[in-house]
Amino acid sequence: MFVLMSVHHPRPEHREALIDSMHRYGAAIRGQAGLTSIHTLADAGSDRLVGLAIFESREDFERLAPIARAAVADDPFDEWEQRDIDGLALTEI
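Just so you know, these numbers come straight off a predicted model, no measurement behind them.

Caption draft 1: Local environment of the packing of aromatic side chains. Evaluated as defined, the whole model comprises three aromatic pairs. Note on Phe55 and Phe61: the rings are 5.4 Å apart at their centroids and 70 degrees apart in plane angle, and the pair reads as edge-to-face. Across the pair, exposure class does not vary: Phe55 and Phe61 are buried alike. Ring centres of Phe77 and Trp80 lie 5.7 Å apart, and the angle between their planes is 80 degrees; this geometry places the pair in the edge-to-face category. Of the two residues, Phe77 and Trp80 are both situated in helix H3 (residues 77-80); the distance of three residues between them amounts to about one turn of the helix. Relative accessible area serves as the criterion here: at 24%, Phe77 is assigned to the partly exposed category. Its relative accessible area of 9% is what places Trp80 among the buried residues.

Structural data, given as structure tokens:
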């Protein structure tokens, strides 16, 4: 299992655009072999948004990530985000 977790800190005026982007990222790979699940989540205690994608393996992530990234390649994250995205690449231990 391989998990990609991305924590976003949207500027308030761009929150909906960022959510739309996260949905497009997920839609680009939803249903593909090797992807277990993908979610766009909002933290109840802050303005943070979390993208959570669970893959069967790191190899599946590496195969599908370019497809998902292409779906949002032109999005202006530097304008939408208050700070850099906190990206976590997680493996079970």
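After that view of the structure, there is still more to cover.
Caption draft 2: Broad picture of the sheet that holds strand E1 (residues 2-8). What the four strands build is an open sheet, ordered E2-E3-E1-E4; its pairing is antiparallel. Lying at the two open borders of the sheet, with one neighbouring strand each, are strand E2 (35-42) and strand E4 (86-91). In this sheet, adjacent strand axes meet at a mean angle of 10 degrees when their direction is disregarded. One ladder, built from six bridges, connects E1 with E4; its direction is antiparallel. Considered in E4, the bridge of Val7 is made with Asp86.

Scoring rules and cut-offs
- Residues numbered from 1 in each chain as written.
- Predicted model: local features only at pLDDT ≥ 70, side-chain atom pairs only at ≥ 80, totals over all residues.
- Heavy atoms only, no water.
- Phe/Tyr/Trp six-rings, centres within 6.5 Å; stacked < 30°, edge-to-face > 60°.
- Buried < 20%, exposed > 50% of the residue type's maximum accessible area, 1.4 Å probe, protein only.
- Helix = DSSP H or I, 4+ residues; strand = E, 2+ residues; numbered from the N terminus.
- Pairing = 2+ DSSP bridges.
- Axes fitted to C-alpha atoms, helices over the stretch in contact; angles between N-to-C directions.

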